[in-house]
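Survey of secondary and tertiary structure
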Amino acid sequence: MKTFKIEIMGIVQGVGFRPFVYNLAVSLGITGYVFNHSGGVEILACGSDEQLESFIDKIRSSPPPRAEISSFDMQPFTPPFEYKTFEIQPSILNRDRFLPIAADLTVCDDCLAELLNPADRRYYYPFINCTNCGPRYTIIRDVPYDRRNTSMSGFPLCESCGSEYNDPANRRFHAQPVACHDCGPQLWLSDPSGKRIKTGKDAESNRELIAWIAKMLRGGRILAIKGLGGFHLACNALDEKAVASLRSRKEREDKPFAVMVADPLMAGGIARLTTRDVERLLKTDRPILLCDKAESCPLAPSVAPRTSLVGLMFPYTPLHYLIFEHIDFPLVMTSGNMSDEPIAYRNEDALSRLGGMVDGFVFHDRDILIRCDDSVLRTFNDREYVLRRSRGIVPRIIYGGQKVKKDILAAGGHMKNTVCLAKGDAFILSHHIGDLDDYGAITAFRESIRHLMHGFGVRPALLAHDLHPDYQSTRFILNPGSDFPELEGLQTIPCQHHHAHIVSCMAENGLWEDRVIGVAMDGTGYGPDGTIWGGEIMIADARSFKRKIALSPVPLPGGDIAIKKNWRMALSYLYSVFGDDWEKHWDLFPGGLSRDEIALALYQIKDSKESLLTTSCGRLFDGVAALTGIRHEANYDGQPAIELEQACAAGCRESYPFSIEISGDNRYIVFKRVIEELVHDVSLKTGKDVMAAKFHSGLVHILSKACRDLSVESGIKTVLLSGGCFMNKVLLEGLFNKLREQGLSPFSQSRVPCNDGGISLGQAVIADRIAKE
């Protein structure tokens, strides 16, 4: 007989790992124990060579379906006494150990079958779950992952649930959120003031409650529905009056709404889906997937106006499935917030913030401990890439392949903010927090940092932040405040925004040690020269970078107002090319603009004290969108660029001619002929789709030429593409393929957003490389 002590790390808590080990050990006649600790799972296994070989092989090759093993250490051990049986021992807390936490999981097929089975005691119980499904990340308060450390601690188990919880042969063995009608959370419907209308206490009352919810949705009402990571605002996605009303109440003019569909059949009537798309939508993280609309898409026009795409997702909570048992139409399911605010996730907060937007609330009393929006994906070259990394994916760890010298907290940027913790070889990227524009968002930012630090047991010794001095994330790192005393006095590392984009891509693709050509294209980032960068090509490694080529700088008239009123960028480009002769092209601007508005913008362009210079690719997209007549003002972030991409004519082989010119010690991508030919095309009444395609094609051509030139000069063949402009599929696909044709090796991002949601990862890596030993 031999004995081994086995230490397993990874996502091994909250996924049925201990019962799996227990049942496997008993079936093989192995004695010993298994228990959770703050770093993972420890196993003591006593048995023959044959028994132990089979035991270890099955753990490695066939763990529970939701488990992810990151390390497996096995050492011979001499036990103090002989073990007669195999048992599950109580969990042990050790703050010095690091433990990955499982993401929230969609309801599994077994639970779904019980949910809809009238003979099952959990029939119509909207919080049914087991070790293979249900909430995890959003209900955990502390580690190890035991019921007492979750928001289920206030729901004592009834006798029946307690029996299942303590039965190693049951799939609810140590399923921490386990509950039923008799002992668990309840669902109720209230009016906008919070007054209860109906409460679900058992199968019959829950069925009546769900039928009432369905009736309201069918009648064109708007409901705030509490889910896994916060509240959704829901209405009938086929009802134009209801959707338009939701837009008005939410103050969200144009930005597309996400749509939840019951099943692949319903989805197929709305979007053109491949088999791979359906498979991706059905995975356990259940993201929103951006898909091409079907030719006869039945959705209300206001769901996704002025775009050929629609964001689809399938149900992922028992409540979602129950609602679809009573309706036969898709639902708008958009974040429960006023436009640009953080999602509401506490009952009292939702009542206060959403009461004026909805006709009713669907509340429950299982507390959400951290807000978490739905994740958003798109596909490229037959693989997915994440645009918003959140519910269902977070807090899945990104392993960098190398260990950091110290625990790190990286605070990310200002827009689409995420934060990143680094410990050992593990990088923990937070859920999507959003734009840090108001008190609510800043509060969410601070709550997220505290939740991650506490939940993962990370004690930062090094802090990283964006180079921009006025970002709220930067201000936090430089002055954490009295509620973060452990962060005071630590070494801080400023990171240039676009370098962080490229290093984020390096980290995801395992290129830590490489020197690369980095193409960083986005809207805004603070440059070391005090200007606004955003169209940069650099030679970089994980520690430093050298900007080699940039887009030609132009004034940003009025600062941020030029992003909202993108006609100002059109004027800036026109003046840069034509000077005072720009007035010959007055007809390019919408009739509603007054001469005074244009005169003010022109004054800001001409006076260097009034406007910063920008090399932003995002602002170039904005200007071209206005010049083509596609979009003159943005109602949401990136709208002009998105609509310019959507307008591209398929099969157009023409392109506008950019060039590269030298100015002093710098090389710039020059747009003079692009603007001249674009204006000429407008005068000829060339189709907007053709002009959009020619612009994209020209940009792909010049960026690929710039990379080829740098490759010849430097001998570097690896090219990394990052920044929010690469959410544009036409640009990304075109440049990716062109670089390959030229014999270069392009890399983009997939698991981490290429937009500002990914820069905290890059900041963490840069800080590690720069930090003092």
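See above for the structure.
We now turn to the structure provided with this report. No experiment lies behind these values; they were computed from the predicted model shown. (Residues numbered from 1 in each chain as written. Predicted model: local features only at pLDDT ≥ 70, side-chain atom pairs only at ≥ 80, totals over all residues. Heavy atoms only, no water.)

1. Overview of the overall build of the protein chain
- Looking only at helices and strands, one finds 22 helices and 32 strands in the protein chain.
- The C-alpha radius of gyration computed for the protein chain amounts to 28 Å, which stays within 12% of the reference 28 Å derived for 773 residues, consistent with globular compactness.
- For the protein chain, with 773 residues in total, the buried portion stands at 58%.
- Here the analysis covers contacts within the protein chain between residues at least 6 apart in sequence; of these, 72% occur between residues at least 24 apart.
- Summed over all atoms, the accessible surface of the protein chain reaches about 29,400 Å², with 49% contributed by carbon and sulfur.
- Here the protein chain contributes 88 positively and 96 negatively charged side chains, and the mean placements of these two sets differ by 0 Å. (Helix = DSSP H or I, 4+ residues; strand = E, 2+ residues; numbered from the N terminus. Rg over C-alpha atoms; globule rule 2.2 N^0.38 Å. Buried < 20%, exposed > 50% of the residue type's maximum accessible area, 1.4 Å probe, protein only. Contact = heavy atoms within 4.5 Å. Areas by Shrake-Rupley, 256 points an atom, 1.4 Å probe, with all protein chains shown as cover. Lys, Arg positive; Asp, Glu negative; His and termini not counted. Charge placed at Lys NZ, Arg CZ, Asp CG, Glu CD.)

2. Re the packing of helix H15 (residues 567-578) against helix H19 (residues 672-683)
- At a minimum axis separation of 10 Å, H15 and H19 run at an interaxial angle of 105°. Taken together, the axis directions place H15 and H19 in an arrangement best described as roughly perpendicular. Along the contact surface, H15 presents Tyr573, Leu574, Val577 and Phe578, while H19 presents Lys672, Ile675, Glu676 and Val679.
- Here the residues of the contact of H15 with H19 sort into 6 nonpolar, no polar and 2 charged. (Axes fitted to C-alpha atoms, helices over the stretch in contact; angles between N-to-C directions. Parallel < 35°, antiparallel > 145°, perpendicular 65-115°, else oblique. Nonpolar A, V, L, I, M, F, W, Y, C, P; charged D, E, K, R; others polar.)

3. What to know about the sheet that holds strand E23 (residues 491-495)
- What the 6 strands build is an open sheet, ordered E18-E21-E20-E19-E22-E23; its pairing is mixed. Each end of this open sheet is capped by a strand with a single partner; those strands are strand E18 (398-399) and E23.
- Of the pairings in the sheet, the one linking strand E19 (residues 408-410) to strand E22 (residues 462-466) comprises 3 bridges and is parallel in character. Paired with Ile408 across the bridge in E22 is Leu462.
- Each of E18, E19, strand E20 (420-423), strand E21 (426-429), E22 and E23 is contacted by helix H22 (residues 759-770), which is oriented at about 130° to E22, the strand it contacts most. (Pairing = 2+ DSSP bridges.)

4. Describing helix H20 (residues 688-714)
- Counted at 1.5 Å a residue, the expected span for H20 with its 27 residues is 39 Å, and the 39 Å between its end C-alpha atoms agrees.
- Looking one or two residues beyond H20, the residue adopting positive phi is Gly715, at roughly 80°. (Expected span 1.5 Å × (residues − 1).)

5. Quick notes on the sheet that holds strand E5 (residues 86-88)
- Taking strand neighbours across the sheet as the criterion, the 5 strands line up as E4-E1-E3-E2-E5 in an open arrangement whose pairing is mixed. Here the strands that pair on one side only, and so sit at the sheet edges, are strand E4 (68-76) and E5. With strand direction ignored, the average angle separating the axes of adjacent strands in the sheet is 15°.
- Pairing analysis gives 8 bridges linking strand E1 (residues 2-11) to E4, with the strands arranged antiparallel. Residue pairing for E4: Ile6 is matched across the bridge by Met74.

6. Quick look at the packing of aromatic side chains
- All told, the structure shown has 22 aromatic pairs when counted by the stated rule.
- Arranged with centres 5.9 Å apart and planes meeting at 65°, the rings of Phe17 and Phe20 form a pair that is edge-to-face. Taken together, the residues Phe17 and Phe20, both in helix H1 (residues 17-28) and 3 residues apart, mark about one turn of the helix.
- Through a chain of ring-to-ring contacts, the aromatic side chains of Tyr33, Phe35, Phe81 and Tyr83 assemble into a single cluster.
- Looking at Arg247, its charged tip hangs above the ring of Phe257, at a distance of 4.1 Å from the centre.
- Taking NZ or CZ as reference, Arg391 lies 3.6 Å from the ring centre of Tyr316, over its face. (Phe/Tyr/Trp six-rings, centres within 6.5 Å; stacked < 30°, edge-to-face > 60°. Lys NZ or Arg CZ within 6 Å of the ring centre and 35° of its normal.)

7. Section: the packing of H15 against helix H16 (residues 595-606)
- Running from amino to carboxyl end, H15 crosses H16 at an angle of 55°, the nearest separation of the two axes being 10 Å. When the axes of H15 and H16 are compared, the pair comes out oblique. The way H15 lies across H16 gives a crossing that is right-handed. Taken together, the residues of H16 that come into contact with H15 (itself represented by Trp567, Arg568, Leu571, Ser572 and Tyr575) are Glu597, Ile598, Leu600, Ala601, Leu602, Gln604, Ile605 and Lys606. (Left-handed = near helix turned anticlockwise from the far one by under 90°.)

8. Topic: the environment of Arg515
- Along the polypeptide, Arg515 turns up in the loop between helix H13 (497-508) and strand E24 (516-526).
- Sequence separation between Arg515 and Ser714 is 199 residues, and the spatial gap between their C-alpha atoms is 9.8 Å.
- When neighbours within four sequence positions are excluded, Arg515 is seen to be in contact with Ile539, Ala540, Asp541 and Ile716.

9. Side note on the nonpolar core
- Formed by 186 residues in total, the largest nonpolar core has its most connected members in Val303, Ile537, Phe589 and Phe695.
- When residues of this core are assigned to their parent elements, the largest contribution, 11 residues, is made by H20.
- In this structure Ile537 touches Ile517, Gly518, Val519, Met521, Lys546, Arg547, Lys548, Ile549, Ile669, Leu703, Ala706 and Leu710, once residues within four positions along its chain are discounted.
- Formed by 34 residues, the second largest nonpolar core is a distinct cluster that contains Phe427, Ala540, Ile759 and Ala764. (Core = buried A, V, L, I, M, F, W, Y, C linked by side-chain atoms within 4.5 Å.)

10. Description of the pattern of salt bridges
- Applying the stated rule across the entire model yields 44 salt bridges.
- With its nearest N and O atoms 3.9 Å apart, the salt bridge here joins Arg18 to Asp146. On the criterion of sequence distance, the pair formed by Arg18 in helix H1 and Asp146 in the loop between helix H3 (109-115) and helix H4 (159-165) is long-range, its members being 128 residues apart.
- Judged by its relative accessible area of 7%, Asp146 falls in the buried class.
- Its salt-bridge partner being Glu645, residue Arg378 comes within 3.2 Å of it at the nearest N-O pair. Of this pair, Arg378 sits in strand E16 (residues 376-380) while Glu645 sits in helix H18 (residues 639-647), placing them 267 residues apart in sequence.
- Judged by relative accessible area, Glu645 falls into the buried class, the value being 8%. (Salt bridge = Lys/Arg side-chain N within 4 Å of Asp/Glu carboxyl O.)

11. Brief notes about the environment of Val503
- Topologically, Val503 is positioned in helix H13.
- Separated by 61 residues in sequence, Val503 and Ile442 place their C-alpha atoms 26 Å apart.

12. Some words on the state of the cysteines
- Under the criterion given, the structure shown has 0 disulfides.
- Residue Cys505 stays outside any disulfide, its sulfur separated by 9.0 Å from that of Cys754, the closest cysteine.
- Judged by its relative accessible area of 0%, Cys505 falls in the buried class.
- You can see Cys754 has no disulfide; the closest cysteine sulfur is in Cys725, sitting 8.9 Å from it.
- Under the relative-accessibility criterion, Cys754 is labelled buried at 5%. (Disulfide = S-S within 2.5 Å.)

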